[in-house]
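# Descriptive structure summary
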Amino acid sequence: MLMPLFSEIDQKAWRMGPHTTHVVRRISDMRGMYQDEQAQAALEREDPLVYEVFTAAIPQEEGHLMYGISIVNPGKVGDEFYMTKGHFHQKLETAEVYYCLQGHGYLVMQTPEGQVKTTALSPGLVAYVPPRWGHRSVNVGAERFVTFFIFPADAGHDYATIEAGGFAQLLLDGGGKPALAPNPRYRRAHGPR
Ligand code: ZN
C-alpha cells in the first residue's frame, strides 16, 4: 500500500518536486518531428530547450493516477510552433486531463484513423482528452506554456506511432495567428493508407 504523498509545483521556476522524474527535450531530440528540416538543422547548433516534463514517482499500475507538469518554451522551427513529440497511450482506451497553468497553447489531438481536433488552452481552461485520442501540446504564445496533466498510471506511452507517421495537421504561424495546415508527410497509424 502506497502512503499518501504530495508534490509542490514552483509556479515561477515551473519545477515540480520532490520524487519526480524530469524529462528534457532539446531541438536535437526532435529530429524528424518538424516540417522544415533546414530550420531544424540550423537550430541544432545552439540546440535550445523545447520542453520539459516533470512526472510524479507513482507506480505505473492499475488503480493509480499519474500526474505532472509539462512546460513548452516559446519558439518556432520555421513556421511551426514549439511542441511536444506527442503520443498515444499504449492502453489506447485511457483518457487524460490537462489543466493550463500559464501561457497560451493548444492540445492537438488525433485518433489512430487520422481525425484531428484542437483545443485552445490558457490559464483556467481544462481539456479532456478522451480514450483513443493521441495528443501533443503546442505553444503558440510568447511565454512558457505550462499544463498540469493527470492520467491512469498504467496507460503507458506510445511515441513510436507519432514518430513514424506524425500528426495529420500541423499548427503553423499564419501571419501572427496559429493556423492548421495538412501535414504532407502524415501516414495513418491504422486503416487504409
Ligand atoms: Zn498522454
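To be clear, the structure that these remarks concern was listed above.
Basis of the calculations
Each chain has its residues counted from 1, running along the sequence as written. Only residues with pLDDT of at least 70 get local features here, since the model is predicted, and only at 80 or more are side-chain atom pairs given and counted; chain-wide, interface and lining totals rely on the full set of residues. By convention in this description, side-chain values take in all heavy atoms of the structure and omit both hydrogens and water. We count a stretch as a helix when DSSP gives it H or I for four or more residues in a row; a strand needs E for two or more, and each element gets its number in order from the N terminus. Computation of the radius of gyration draws on C-alpha atoms, with the globule rule given as 2.2 Å multiplied by the number of residues to the power 0.38. Burial classes follow relative accessibility: with a 1.4 Å probe on protein chains only, a residue under 20% of its type's maximum area counts as buried, one over 50% as exposed, and anything between as partly exposed. Whether two residues touch is decided by their heavy atoms; if any such pair falls within 4.5 Å, the residues are in contact. The method behind every accessible area is Shrake-Rupley, applied with a 1.4 Å probe, and residues are considered shielded solely by the protein chains displayed. His is not counted, nor are the chain ends, whereas Lys and Arg count as positive and Asp and Glu as negative. To locate a charge, take NZ of a lysine, CZ of an arginine, CG of an aspartate or CD of a glutamate. The rule for donors is simple: an N, O or S atom within 2.8 Å of the metal counts, and for Na, K and Ca the reach is 3.2 Å. Water is not among the atoms, so a site may look short of donors. A site with four donors is called tetrahedral when every donor-metal-donor angle falls between 85 and 135 degrees; four donors are called square planar, and six octahedral, when opposite donors sit more than 155 degrees apart and all other angles fall between 65 and 115; any other arrangement is irregular. Here a polar contact is taken to be a pair of N or O atoms separated by no more than 3.5 Å, where protein atoms must pair a possible hydrogen donor with a possible acceptor and residues adjacent in sequence count only if both atoms sit in side chains. One requirement defines pairing of two strands: DSSP has to find at least two bridges between them. Axis definition: a line fitted to C-alpha atoms, over the contacting stretch in the case of helices. Angles run 0 to 180 degrees between N-to-C directions.

Bringing the overall build of the chain into the picture now. In terms of regular secondary structure, the chain is built from two helices and 17 strands. Against the 2.2 N^0.38 benchmark of 16 Å for 193 residues, the chain shows a C-alpha radius of gyration of 16 Å, consistent with a compact globule. In terms of its C-alpha atoms, the chain occupies a principal-axis envelope of roughly 50 × 40 × 30 Å. Here the chain, with 193 residues, has 43% of them falling under the buried criterion. For the chain, long-range pairs separated by at least 24 residues make up 68% of all intrachain contacts whose partners lie at least 6 apart in sequence. When the accessible surface of the chain is split by element, carbon and sulfur atoms take 53% of a total near 9900 Å². Across the chain, the mean location of the 18 positive side-chain charges is 4 Å away from that of the 21 negative side-chain charges.

On to the environment of Glu8. As for its placement among the helices and strands, Glu8 is situated in strand β1 (residues 8-10). Using a relative accessible area of 58% as the deciding quantity, one classes Glu8 as exposed. Distance in space between the C-alpha atoms of Glu8 and Pro18 is 7.2 Å, their sequence separation being 10 residues. If sequence neighbours within four positions are ignored, Glu8 has contacts with Arg15, Met16 and Gly17.

The coordination sphere of the zinc ion, as far as protein atoms go, consists of His87 (NE2), His89 (NE2), Glu96 (OE) and His135 (NE2), spread over 2.0 to 2.2 Å. In this structure, the zinc ion is surrounded by four donor atoms whose angles at the metal cover 82 to 162°, and the resulting shape is irregular. Taken in sequence order, the residues that donate to the zinc ion follow the motif H-x1-H-x6-E-x38-H. Accessibility expressed as a relative area gives 4% for His89, which makes it buried.

Relative to the assigned elements, Gln110 resides in strand β10 (residues 105-110). According to the relative accessible area criterion, Gln110 is buried, its value standing at 2%. A distance of 2.6 Å separates a polar atom in the side chain of Gln110 from the backbone nitrogen of Ala168. Excluding residues that lie within four positions of it along the chain, Gln110 makes contacts with Phe88, Gln115, Val116, Arg132, Trp133, Gly134, Gly166, Phe167, Ala168 and Tyr186.

Strand order in the open sheet formed by six strands is β3-β4-β5-β14-β9-β12, and the pairing between neighbours is antiparallel. The open sheet has two free edges, formed respectively by β3 (20-26) and β12 (126-129), since each of these has just one partner strand. When the angles between neighbouring strand axes are averaged without regard to direction, this sheet yields 20°. Bridge count between β3 and strand β4 (residues 49-56): seven bridges; the pairing is antiparallel. Each residue of the ladder has a partner; that of Thr20, found in β4, is Ala56.

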